[in-house]
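Close look at the chain arrangement
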Amino acid sequence: MEISKPLLCLVLFLCLNFIDNNGVEASHIISPEYQTLKTTTLKTTNVDQKLRTGYHFQPPSHWINAPMYYKGFYHLFYQYNPYGSIWGNIVWAHSYSTDLINWIPLEPAIFPSKPFDINGTWSGSATILPGNKPVILYTGLDTKFRQVQNIAFPKNLFDPLLREWIKPDYNPVIDPTKTMNASAFRDPTTAWYGKDGHWRILIGHKRDTRGIAELYKSRDFKTWTRSKHPLHSGANTGMWECPDFFPVSLKGKNGLDTSVMGNNIKHVLKVSLDLTRFDYYTVGHYFPQKDRYIPDPMSVDNSKGLRFDYGNFYASKTFFDYKKSRRILLGWANESDTQMDDIKKGWAGIQTIPRMLWLDTDGKQVVQWPIEELKTLREHPIYLSNVPLAEGAKVEIQGITSAQADVEVTFELPKSYDMEPFDPTWVDAEQLCGKKDASVKGALGPFGLLALASENTQEYTAIFFRVFKTAKKPVVLMCSGGKRSSLKTDLYKPSYGGFVDADLSSGTISLRSLIDNSVVESFGAGGKTVITSRVYPTLAMGSKAHLYLFNNGEVPVTVKKLDAWSMRKPRLN
Ligand SMILES: *[C@@H]1O[C@H](CO)[C@@H](O)[C@H](O)[C@H]1NC(C)=O
Ligand SMILES: *[C@H]1O[C@@H](CO)[C@H](O)[C@@H](O)[C@@H]1NC(C)=O
Ligand SMILES: CC(=O)N[C@H]1CO[C@H](CO)[C@@H](O)[C@@H]1O
């Protein structure tokens with residue numbers, strides 16, 4: 001079987017194109033000695049630390065995820081090759097944490113060992129059953145290389161670290177039927193419990209070019225029956241990977257347990273589209289009696305729809321953190337440098353900072369914000385206020401480690417201003433950001449940050465806003481990344497972009513950027529639009545990185561306030 005593109009949520013992708021230390025091209029090899037593996041240690045070999053992120057989750061080399069909270073600890077399971085050098089033997093590696101920021105590694109939880117998963121232990125999800133009993137559903141590749149769904153239980157519920165997992169022999173619990181494509185049937189979701197006494201899960205699937213969220217039901221979590229029709233599907237969207245389905249409250253920021261139903265809630269369905277390699281979501285209504293989910297009429301239901309993140313972000317997953325009553329989103333940001341660079345670095349792929357996620361007050365989109373625990377890494381605060389940014393301004397922010405920082409800035413707009421007219425054919429924000437990058441003058445904007453900038457700004461990652469006039473409310477564009485992010489020419493350097501549903505009537509707009517050596521995660525307008533860029537500066541590294549505020553628009557703006565911090569390195573595996 002040839003793996004031409006990644007097949008798994010989050011983790012597996014990281015291992016693609018990986019080449020071992022001798023320069024031997026990776027292939028999908030199963031190492032028999034690993035199939036009886038009892039223990040392993042994660043080892044760090046030949047790792048280049050220069051652009052390695054400081055506070056974003058990484059194993060010593062590769063990885064993925066399925067998060068949960070149990071008895072005082074957060075658990076993160078991620079896909080990992082214990083040999084760290086060749087593709088194959090993907091196991092569920094396991095780390096735990098008390099704050100989602102510092103992570104301590106454990107031994108792998110699940111690895112190929114039985115006929116129902118001998119060819120692979122791929123992505124899945126955790127559910128906490130009544131009586132506080134965690135259970136994992138995951139995709140196994142069986143002896144015939146079919147994608148089947150398996151169950152695993154902790155061996156000892158008194159071990160809060162959930163170190164050992166048992167796979168009962170009655171696996172697989174779900175087989176693809178004969179008419180289903182067994183190579184496109186994976187990534188079971190967290191289960192939710194219905195009033196009718198049935199557990200339900202979704203499994204990603206496709207039929208021809210139609211993407212499908214198959215619905216399965218069970219009374220006992222063991223015998224699963226496929227629903228007559230899927231929960232939802234989409235024409236011409238291709239394989240739906242890593243579906244995620246959860247309720248959101250119409251009131252406030254608190255998260256809801258996955259089984260919660262009621263009047264004051266809506267549901268969110270997220271799918272990772274293998275065709276475009278981005279995560280899309282809709283907001284809508286779930287009808288449990290009919291086993292249907294219907295997106296709201298204004299919620300675009302395809303690859304033109306809303307994204308959690310308009311940058312480098314895929315195979316994300318949420319979980320309900322009942323310790324703090326919040327829903328938390330984690331996503332995977334792959335490397336976008338060259339294969340040769342990844343070989344030299346010896347590691348590939350990071351996880352975004354866990355984000356709290358809730359429904360916006362207008363009920364049309366979600367809002368995200370880095371979890372509060374991230375603040376524990378902040379040090380050396382600096383504060384600025386009322387900094388004028390006239391046309392052409394570039395103001396350096398000094399006093400922090402610019403390569404590893406957290407920056408929160410609020411821009412104030414003048415009382416009245418001119419804007420460029422918005423052309424209604426500009427539907428693709430990323431394209432527009434490419435055309436009108438930070439160097440292209442405007443009226444209101446571009447203004448924002450130049451992160452990971454070299455001393456004379458030959459190199460920089462620009463994160464900025466540009467505001468356009470329409471007959472109705474102004475259109476706000478947010479951009480991140482771009483070709484100036486690295487002097488290297490053979491790189492994928494997109495100018496990611498998203499429109500921001502910002503309310504400018506307050507006269508301000510905010511931006512927060514988490515800068516970490518080779519990643520910039522930015523939250524526009526309080527988290528209404530989020531963009532993650534992986535970037536690979538050649539000059540702006542470590543102490544040579546600078547950070548600037550800039551305005552390249554005719555309209556002067558003011559930095560009403562800016563708070564910035566150096567970020568410490570947490571314990572990471
Ligand atoms: C089944 O899915 C695989 C993986 O996406 C695809 O390559 C193959 O063409 C599909 N087979 C059929 C019969 O659609
Ligand atoms: C991440 O890497 C870039 C550059 O190689 C690709 O273009 C993206 O498709 C890829 N993203 C994912 C989710 O695989
Ligand atoms: C591609 C591959 O490694 N397939 C293996 C799947 O599992 C069977 C049974 O162990 C092996 O015989 C195949 O080689």
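In the annotation of an unreviewed UniProt entry, the entry for the protein reads Beta-fructofuranosidase, and the organism field reads Coptis chinensis. Per UniProt, the comment on the protein under Sequence similarities (unreviewed entry) is "Belongs to the glycosyl hydrolase 32 family."

**Structural notes on the side chain of Thr 190**
Checked against the element boundaries, Thr 190 lands in the loop between strand E9 (185–186) and strand E10 (192–193). At 3.0 Å, the side chain of Thr 190 and the backbone oxygen of Ala 126 are in polar contact.

**Quick word on the site of ligand 2**
In the vicinity of ligand 2, the contacting residues are Arg 277, Tyr 314, Trp 332, Asn 334, Glu 335, Ser 336 and Tyr 492. Contact distances for ligand 2 include 2.4 Å between an oxygen atom and a side-chain N or O atom of Asn 334. At 3.3 Å from an oxygen atom of ligand 2 is found a main-chain nitrogen or oxygen belonging to Glu 335. For the shell around ligand 2, the residue count by class is three nonpolar, two polar and two charged.

**Observations concerning the nonpolar core**
Side chains of a nonpolar character, in soluble globular proteins, are inclined to be buried together. Counting residues in each nonpolar core, the largest one holds 58 residues, and the members touching the most others are Phe 411, Ile 509 and Leu 549. It is strand E28 (residues 444–453) that contributes the most residues to this core, five residues altogether. Counting the residues that make up this core, at least three belong to each of domain 1 (32–370) and domain 2 (379–567). Once residues lying within four places of it in the same chain are set aside, the contact partners of Ile 509 are Val 409, Thr 410, Phe 411, Phe 447, Phe 465, Val 476, Ala 502, Leu 504 and Ala 525.

**Observations regarding the environment of Ser 513**
The residue Ser 513 is located in strand E32 (residues 508–516) in this model. Looking at Ser 513, the relative accessible area reads 0%, which means it is buried. When sequence neighbours within four positions are dropped, the list of residues in contact with Ser 513 reads Ala 405, Asp 406, Val 407, Leu 449, Ile 463, Val 520, Glu 521 and Ser 522. In terms of polar contacts, Ser 513 uses its side chain to reach the side chain of Ser 522, at 2.8 Å.

Scoring rules and cut-offs
- Residues numbered from 1 in each chain as written.
- Chains lettered and ligands numbered in written order.
- Predicted model: local features only at pLDDT ≥ 70, side-chain atom pairs only at ≥ 80, totals over all residues.
- Heavy atoms only, no water.
- UniProt positions renumbered as here; feature names shortened; annotations may be inferred.
- Helix = DSSP H or I, 4+ residues; strand = E, 2+ residues; numbered from the N terminus.
- Polar contact = N/O pair within 3.5 Å; in protein donor to acceptor, adjacent residues only side chain to side chain.
- Near = heavy atom within 4 Å.
- Nonpolar A, V, L, I, M, F, W, Y, C, P; charged D, E, K, R; others polar.
- Core = buried A, V, L, I, M, F, W, Y, C linked by side-chain atoms within 4.5 Å.
- Buried < 20%, exposed > 50% of the residue type's maximum accessible area, 1.4 Å probe, protein only.
- Domains from an automatic or database assignment.
- Contact = heavy atoms within 4.5 Å.

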